[in-house]
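The chain contents come next:
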Amino acid sequence: RLGYQRYDSYTETGSSANATVGGRDVTFSEINIGAILAAKLGHGVFTASAAAVHRDLNGPSAVDISVFGSGASLVSDVARSDTFGELKVGYEQQVGSNGTLSLQAQTGVGADSMTQAVSAFYKLTF
């Protein structure tokens with residue numbers, strides 16, 4: 001997966017010390033390799049997956065800022081690389097003739113961070 005994001009410059013308004021922040025461009029790339037296990041469970045499908053993820057983020061090391069007409073550069077920690085593991089479990093089941101219920105939990109560990117997420121959604125097809 002590759003991405004590019006442009007942050008436009010802007011000037012705050014409504015204050016006696018309006019700041020102007022310079023624009024910047026940020027790019028990222030992500031490589032994900034793993035395995036997924038799926039098995040029928042009851043009336044639905046249980047899934048479990050494990051993956052290794054490597055993410056590179058690149059952007060300027062400084063952002064130009066101006067306040068009261070004086071300019072400065074603010075150090076920006078945008079360029080970095082992270083490698084971490086990701087584990088997911090999920091369950092999906094048909095509900096009625098047009099619906100699907102999906103549940104998922106995931107965790108990411110490594111790269112000096114740990115994240116968790118839980119999701120549930122219902123998809124209605126008509």
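That block above? That's the structure.
From a predicted model like this one, the values you see are computed outputs, not experimental measurements.

Conventions used here
- Residues numbered from 1 in each chain as written.
- Predicted model: local features only at pLDDT ≥ 70, side-chain atom pairs only at ≥ 80, totals over all residues.
- Heavy atoms only, no water.
- Helix = DSSP H or I, 4+ residues; strand = E, 2+ residues; numbered from the N terminus.
- Buried < 20%, exposed > 50% of the residue type's maximum accessible area, 1.4 Å probe, protein only.
- Contact = heavy atoms within 4.5 Å.
- Pairing = 2+ DSSP bridges.
- Axes fitted to C-alpha atoms, helices over the stretch in contact; angles between N-to-C directions.
- Patch = residues over 30% accessible without salt bridge, like charges linked within 9 Å, V, L, I, M, F, W, Y side chains within 5 Å.
- Areas by Shrake-Rupley, 256 points an atom, 1.4 Å probe, with all protein chains shown as cover.
- Salt bridge = Lys/Arg side-chain N within 4 Å of Asp/Glu carboxyl O.
- Polar contact = N/O pair within 3.5 Å; in protein donor to acceptor, adjacent residues only side chain to side chain.
- Phe/Tyr/Trp six-rings, centres within 6.5 Å; stacked < 30°, edge-to-face > 60°.
- Lys NZ or Arg CZ within 6 Å of the ring centre and 35° of its normal.

(A) Broad picture of the side chain of glutamate 86. Along the chain, the position of glutamate 86 falls in strand 8 (residues 80-95). A residue is classified by how much of its surface remains accessible, and glutamate 86, at 17% relative accessible area, is buried. Excluding anything up to four places from it in sequence, glutamate 86 contacts Asn32, Ser49, Ala50, Ala51, Val53, Gln106, Thr107 and Gly108.

(B) Quick peek at the pairing of strand 7 (residues 70-75). Taking burial as the measure, the 6 residues of strand 7 include 0 buried ones, a minor fraction of the element. Pairing analysis gives 6 bridges linking strand 6 (residues 62-67) to strand 7, with the strands arranged antiparallel. Looking at strand 7, one finds that isoleucine 65 is bridged to alanine 72. Once strand 6 ends, the chain turns through 2 residues before running back antiparallel as strand 7, passing phenylalanine 68 with a positive phi of about 55 degrees.

(C) Seen up close, the sheet that holds strand 1 (residues 2-7). Strand order in the open sheet formed by 6 strands is 1-4-5-8-9-10, and the pairing between neighbours is antiparallel. The open sheet has two free edges, formed respectively by strand 1 and strand 10 (113-124), since each of these has just one partner strand. Each neighbouring strand pair of the sheet contributes to a mean axis angle of 20 degrees, computed without reference to strand direction.

(D) Representation of the sheet that holds strand 2 (residues 10-11). With respect to topology, 4 strands assemble into an open sheet ordered 2-3-6-7, the strand pairing being antiparallel. Each of the sheet's edge strands pairs with one partner strand only, and the pair in question is strand 2 and strand 7. Sheet topology note: the strand 3 (residues 19-21)/strand 6 ladder contains 3 bridges and is antiparallel. Note that in strand 6 the partner of threonine 20 across the bridge is serine 66.

(E) How the structure looks around a nonpolar patch on the surface. A cluster of nonpolar side chains, Val95, Leu101, Leu103, Tyr122, Leu124 and Phe126, forms an exposed patch at the surface whose accessible area comes to about 640 Å². When contributions to the nonpolar patch are tallied by element, the ones reaching two or more residues are strand 9 (99-110) and strand 10. With respect to the secondary-structure elements, tyrosine 122 resides in strand 10.

(F) Structural context of the side chain of threonine 107. As for its position among the elements, threonine 107 is in strand 9. A polar contact is formed between the side chain of threonine 107 and the backbone oxygen of threonine 115, at a distance of 3.0 Å. When neighbours within four sequence positions are excluded, threonine 107 is seen to be in contact with Gly85, Glu86, Leu87, Met114, Thr115 and Gln116.

(G) Here's a closer look at the packing of aromatic side chains. Considering all chains together, one arrives at 0 aromatic pairs under this definition. For arginine 24, the ring lying beneath its charged end belongs to tyrosine 7, and the centroid distance is 4.7 Å.

(H) Representation of the environment of leucine 124. Relative to the assigned elements, leucine 124 resides in strand 10. Residues leucine 124 and serine 97, spaced 27 residues apart in sequence, show a C-alpha to C-alpha distance of 9.3 Å. Leucine 124 has contacts with Asn98 and Gly99, leaving out every residue within four places of it along the chain.

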